Amino acid sequence: MKAFLYDIIAAGHICLDISPGFAMTNATSVEEIFIPGKLVNLEGVTLSAGGPVANTGFALKKIGLRVKPIANVGKDFFGRVLNEVVFEQCAERIDLNEYITTSYSIVLSVPGIDRIILHDPAGNNVFTSNDIDYEEVSRAKLFHFGYPPLMRKIYGNNGEELAAIYEKAKETGVTTSLDMSLPDTNSESGKADWERILSKALPYVDVFLPSIEEALFMLDKTEYFRVKEAAGYSDFIEKVDLEVLLVLGRKIMDMGAKIAVIKCGSKGVYVKTAENSRLRDFGNVNLSDGWANKELFEETYKVHNFKSALAAGDTTIAGFLAAMLLGYDIHKTMKIACKTGALCCEAYDSISGLLSMYEIVNKVEIEREKNILINPPKSFIYDEEKNIWRITQN
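A short tour of the structure in this document, coming up. (Residues numbered from 1 in each chain as written. Predicted model: local features only at pLDDT ≥ 70, side-chain atom pairs only at ≥ 80, totals over all residues. Heavy atoms only, no water.)

1. Regarding the sheet that holds strand S3 (residues 42-50)
What holds strands together in a sheet is hydrogen bonding between their backbones, with the strands either parallel or antiparallel. Counted only if it meets this: Any two strands are treated as partners once DSSP identifies two or more bridges connecting them. The helix and strand labels rest on DSSP assignments: H or I over at least four residues marks a helix, E over at least two residues marks a strand, and numbering proceeds from the N terminus. Here, axes are lines fitted to C-alpha atoms. For helices the fit covers the stretch in contact, and angles between N-to-C directions go from 0 to 180 degrees.
Pairing within the open sheet is mixed, and its four strands lie in the order S3-S2-S7-S8. A strand with exactly one partner marks an edge of an open sheet, and here the two such strands are S3 and strand S8 (116-120). Sheet twist, expressed as the mean angle between neighbouring strand axes with direction ignored, is 20 degrees. In terms of strand pairing, strand S7 (residues 104-108) meets S8 through five bridges, oriented antiparallel. For Tyr 104, the partnering residue across the bridge sits in S8 and is Asp 120.

Dropping the structure here:
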């Protein structure tokens with residue numbers, strides 16, 4: 001049996017998040033705080049890592065897996081600081097690149113005002129398939145890549161680099177997964193042909209894990225803009241007809257992925273899987289019995305001490321991938337994923353609320369209260385034995 005040095009490679013977008021500490025104010029708008037010439041007193045600063053390499057990678061490490069981060073980080077001051085943060089959380093370092101600068105974000109979170117993020121993509125924009133050591137990839141069970149819409153060379157030329165990364169990774173025998181981010185509709189990334197980009201990459205992707213917003217934006221723009229207009233400033237997911245998941249799941253399967261995982265915010269997680277013949281070619285991860293030909297929906301768990309939804313999607317992904325890799329069945333994997341996302345919401349950062357896999361599984365068994373779907377779609381049938389929604393396509 002092949003020995004693996006890592007459970008998961010976490011690759012893609014990363015940045016140093018610089019978060020100044022603002023004192024409590026009575027301000028209700030940014031204009032009351034950020035006035036030209038005004039001195040704003042702060043209370044400390046927090047330096048942390050952002051992006052899926054950090055959010056998903058650190059969560060996987062805390063759950064108990066061996067994680068190797070791969071990203072484009074410079075040898076500049078920000079890069080050295082970011083690498084120390086990565087090492088503290090992952091016990092692994094990123095190889096620094098002397099020819100690039102390090103991506104950073106300044107996160108302005110004034111109490112009572114929606115946060116403002118100033119972001120410099122820097123090294124993320126020049127990341128290519130050549131920045132990955134595929135020998136390292138071959139020593140892992142699973143290769144995960146996140147946020148290509150925030151990485152210019154990855155989505156440029158209709159996604160040639162994204163497809164190249166997954167084709168080369170798949171040649172090593174590794175199982176592959178891909179996470180997305182929602183582009184700004186007016187940006188270069190937002191104007192890219194994402195359906196064409198994904199059609200090149202998904203034949204080499206085993207597990208595709210977009211949010212429902214991302215999936216609609218990339219695969220059904222007409223429906224995306226209809227829902228966005230209906231939602232206005234309210235939560236996008238509240239205006240989505242979950243029946244659209246059946247269309248998106250089928251389309252993702254037809255484009256080549258073997259498992260589609262669509263995160264539906266506060267509603268839950270949808271999963272559709274391919275037939276047995278396709279799942280046999282799944283790479284280094286051995287799926288437990290019963291994963292083939294499933295279409296399911298798992299509701300989210302109640303969060304009684306809510307702090308922040310920061311990185312809840314990324315940590316939900318971490319829970320799903322970890323459970324799948326560790327051999328749990330599909331029903332338990334979906335519950336672990338949703339519980340991991342709920343635990344994330346009990347802290348202000350992305351990982352403080354997370355636990356080991358043993359502890360998460362224990363909470364799944366004990367803390368069962370969920371956010372029950374109101375007026376579920378007609379195709380959703382509740383399985384009382386498995387405590388999960390099954391989807392029937394008529």
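On we go from here.
2. Regarding the packing of aromatic side chains
Worth spelling out the cut-off: Pairing of aromatic rings covers Phe, Tyr and the six-membered ring of Trp, with a centre-to-centre limit of 6.5 Å; geometry is then stacked below 30 degrees between planes, edge-to-face above 60, and tilted otherwise.
Applying the stated criterion across every chain, the model contains 14 aromatic pairs. Judged by centre distance (5.2 Å) and plane angle (65 degrees), the rings of Phe 78 and Tyr 104 are edge-to-face. On the criterion of sequence distance, the pair formed by Phe 78 in helix H2 (residues 77-90) and Tyr 104 in strand S7 is long-range, its members being 26 residues apart. A centroid spacing of 6.0 Å and a plane angle of 85 degrees characterise the contact between Trp 291 and Phe 320, whose relative ring orientation is edge-to-face. Taken together, the residues Trp 291 in the loop between helix H9 (276-279) and strand S14 (295-299) and Phe 320 in helix H10 (residues 312-325) connect sequence positions 29 residues apart.

3. Focus on the sheet that holds S14
For the record, the criterion: Contacts are assigned to residue pairs that have any heavy atoms within 4.5 Å of one another.
Strand order in the open sheet formed by ten strands is S4-S1-S9-S10-S11-S12-S13-S14-S16-S15, and the pairing between neighbours is mixed. On the outer flanks of this sheet lie strand S4 (67-70) and strand S15 (380-383), each paired with one strand and no other. Across the sheet, the mean angle separating the axes of adjacent strands is 20 degrees when strand polarity is ignored. Strands in contact with H10 are strand S1 (6-12), strand S9 (140-146), strand S10 (175-179), strand S11 (207-209), strand S12 (259-263) and strand S13 (268-273); relative to S9, the strand with the most contacts, it is inclined by about 160 degrees. Packed onto the sheet, helix H11 (residues 330-344) meets S13, S14 and strand S16 (388-391) and runs at close to 35 degrees relative to S14.

4. Considerations on the side chain of Thr 175
The criterion, for reference: Identification of polar contacts relies on pairs of N or O atoms within 3.5 Å, with a donor-acceptor requirement for protein atoms, meaning one able to donate a hydrogen and the other able to accept it, and with residues adjacent in sequence counted only if both atoms are side-chain atoms.
Inspection of the secondary structure puts Thr 175 in strand S10. Within the local environment of Thr 175, its side chain forms a polar contact with the backbone nitrogen of Asn 284, the two atoms lying 3.1 Å apart. Sequence-distant contacts of Thr 175, defined by excluding residues within four places in its chain, comprise Lys 141, Leu 142, Phe 143, Lys 170, Asp 206, Phe 282, Gly 283, Asn 284 and Val 285.

5. Remarks on the packing of helix H6 (residues 212-219) against helix H8 (residues 244-254)
Cut-off, in case you're wondering: Two helices crossing with the near one rotated counterclockwise from the far one by less than a right angle form a left-handed crossing, whereas a clockwise rotation gives a right-handed crossing. In this count, Pro and Cys sit with the nonpolar residues alongside Ala, Val, Leu, Ile, Met, Phe, Trp and Tyr, while Asp, Glu, Lys and Arg are called charged and the others, Gly among them, polar.
Where H6 meets H8, the axes come as close as 11 Å, and the angle between the chain directions of the two elements is 65 degrees. Here H6 and H8 pass one another in a crossing that is left-handed. Two secondary-structure elements touch here, H6 through Ile 212, Ala 215, Leu 216 and Leu 219 and H8 through Val 244, Leu 245, Leu 248, Lys 251 and Ile 252. Taken together, the residues that form the contact of H6 with H8 break down as eight nonpolar, no polar and one charged.

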